[in-house]
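Given next are the chains, with one letter for each unit.
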Amino acid sequence: MNKLLRNGLLLALVVGLALRSWAQPSESVRQTVKEAYPNLSSGPLTSAKITVLPKGIILRSGDLQFTQKDLDAEIRKSPKDLWPQLKRNLFFVLESVFTRSLITWEAQSWAKNAEDAPKDNDSLISAYIDSLTKDVTVTDAELKSFFEVNQDMLGGVSFDQVKEQLRDYVLEQKRSEIVQARISSLSDRYDVEIDKDWLSKQHSAAMDNPVDKARKSGRPTLVDFGADGCRPCEMMTPILDSLKKEYAGKVNIIFVHVRKEQVLAARYGIHSIPVQVFFDKDGKEVFRHVGFYPKDQIIAKLSEMGVK
């Protein structure tokens, strides 16, 4: 996935710590991004306060500020075929650029007390991220549970045959969950200002996609994020086709090709495929699953959501 998109998740880790020292508390109560546009962000800008900023400034936090020119310059660093997607999702670009500037600062602060810390920024950031998840381990019970859920896509091999290969995969999943949990715990705690008019325009553009339209339909939604050439993804295809027919008019069943919709996939935090994300009739995410998901288990999950 494009470097800008990949950095979006990693760079959000340190927003909280940096803003604690950079931003001043707001003196008045203003609406947040999450309150005004609940489906727009699940990252560090969910708690940004919506206000009218000086002309040309779209985000401000203490002495830190960003303009549209900053975002345009960032987009030009990406492959041209991604430019249309990024321009439709400027809020996501802003979130990525904003957090990247802060994670560099935080990683450099961490490096002052770290032995043999890398000198270049990319390696330093990676080392910093590794330090946050260095104590994560995977138990045999967790491996067994993962195997039992996903054994259909493993070609009939036994648990003992794939146990060690699965360990790295499950370990990476756990690390990713820790990173995402860290982001969620930071997103409501710091004062950031974002321009009202700019945000309104970007929300309209960002919501113009099949997933967000479905979430506003008043029906439950199942979104499968996958791609061609992925065996478990291809195993999901006949299941999704069948579900579309069986739940027509009751549930939105949507497939997102992550290689064609990289920004949309990044917005929804997709790091491996396939991933099935369930939303209730109000558009709220209630469950997600990584890997092949048998039809009977999907039906059971929809039943839990009240779908008959």
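Preceding this section is the structure that the text describes.
Reading the values: the criteria
- Residues numbered from 1 in each chain as written.
- Predicted model: local features only at pLDDT ≥ 70, side-chain atom pairs only at ≥ 80, totals over all residues.
- Heavy atoms only, no water.
- Helix = DSSP H or I, 4+ residues; strand = E, 2+ residues; numbered from the N terminus.
- Buried < 20%, exposed > 50% of the residue type's maximum accessible area, 1.4 Å probe, protein only.
- Contact = heavy atoms within 4.5 Å.
- Areas by Shrake-Rupley, 256 points an atom, 1.4 Å probe, with all protein chains shown as cover.
- Salt bridge = Lys/Arg side-chain N within 4 Å of Asp/Glu carboxyl O.
- Phe/Tyr/Trp six-rings, centres within 6.5 Å; stacked < 30°, edge-to-face > 60°.
- Lys NZ or Arg CZ within 6 Å of the ring centre and 35° of its normal.
- Disulfide = S-S within 2.5 Å.
- Pairing = 2+ DSSP bridges.
- Right-handed = clockwise from strand over helix to strand, strands pointing away.
- Axes fitted to C-alpha atoms, helices over the stretch in contact; angles between N-to-C directions.

1. So, the overall build of the protein
When helices and strands are tallied, the protein shows 14 helices and eight strands. Across the 308 residues in the protein, those meeting the buried criterion constitute 50%. Restricting to contacts in the protein with at least 6 residues of sequence separation, those with at least 24 account for 72%. Summed over all atoms, the accessible surface of the protein reaches about 15,700 Å², with 50% contributed by carbon and sulfur.

2. Describing the pattern of salt bridges
Taken as a whole, this structure holds 17 salt bridges when the rule is applied. One salt bridge connects Glu142 with Lys174, and the closest N-O pair in it is separated by 3.1 Å. In this pair, Glu142 sits in helix 8 (residues 140–150) while Lys174 sits in helix 9 (residues 159–186), placing the two residues 32 residues apart along the sequence. For Glu142, a relative accessible area of 31% translates into the label partly exposed.

3. Thoughts on the packing of aromatic side chains
The final tally for this structure, using the stated rule, is nine aromatic pairs. Measuring from centroid to centroid gives 5.8 Å for Trp110 and Tyr128, while their planes differ by 65°, and the two rings are edge-to-face. Taken as a pair, Trp110 in helix 6 (residues 90–111) and Tyr128 in helix 7 (residues 121–132) lie far apart in primary sequence, 18 residues in all. Note on Trp110: relative accessible area 25%, which makes it partly exposed. Relative to Tyr293, the ring of Phe278 has its centre 6.2 Å away and its plane inclined at 80°; by these criteria the two rings are edge-to-face. Taken together, the residues span a long stretch of sequence, with Phe278 in strand 7 (residues 275–279) and Tyr293 in the loop between strand 8 (285–290) and helix 14 (295–304) at a distance of 15 residues. Classification of Phe278 as buried rests on a relative accessible area of 0%. When its relative accessible area of 5% is taken as the criterion, Tyr293 is described as buried. Put simply, the rings of Phe225, Tyr268 and Phe279 pair up and form one aromatic cluster. One residue, Lys301, lies across the ring of Phe287, its end atom 3.9 Å from the ring centre.

4. Notes on the environment of Ala227
Along the chain, Ala227 turns up in the loop between strand 5 (221–226) and helix 12 (231–246). Overall, the relative accessible area of 3% leaves Ala227 in the buried class. Spatially, the C-alpha atom of Ala227 lies 4.9 Å from that of His257, the residues being 30 residues apart in sequence. Discounting chain neighbours no more than four positions away, the residues touching Ala227 are Cys233, Phe255, His257, Val258, Arg259 and Ile273.

5. A short note on the state of the cysteines
For the coordinates displayed, the defined rule picks out one disulfide. A disulfide bridge connects Cys230 with Cys233, and the sulfur atoms are separated by 2.4 Å. Its torsion about the S-S bond being 70°, the disulfide of Cys230 and Cys233 is classed as right-handed. Grouping residues by exposure puts Cys230 and Cys233 together as buried.

6. Re the pairing of strand 5
Counting buried positions along strand 5 gives six out of six residues, so the element sits mostly inside the fold. Residues Thr221, Val223 and Phe225 of strand 5 are buried on one face, and the alternating residues Leu222, Asp224 and Gly226, pointing to the opposite face, are buried as well. Two strands pair when backbone bridges link them, and strand 5 and strand 6 (residues 252–257) are joined in this way by six bridges, in the parallel orientation. Its bridge partner being in strand 6, Thr221 is matched across the sheet by Asn252. Each parallel crossover has a hand, and the one from strand 5 via helix 12 to strand 6 is right-handed.

7. Description of the sheet that holds strand 5
If you walk across this open sheet you meet the four strands as 6-5-7-8, and the pairing is mixed. The strands lining the two open edges of the sheet, one partner per strand, are strand 6 and strand 8. Going from strand to strand, the sheet's axes swing by 15° on average, the running direction of each strand aside. As paired strands, strand 7 and strand 8 are joined by five bridges and run antiparallel to one another.

So, to be careful, I would describe these as geometric facts and stop short of saying anything about function.
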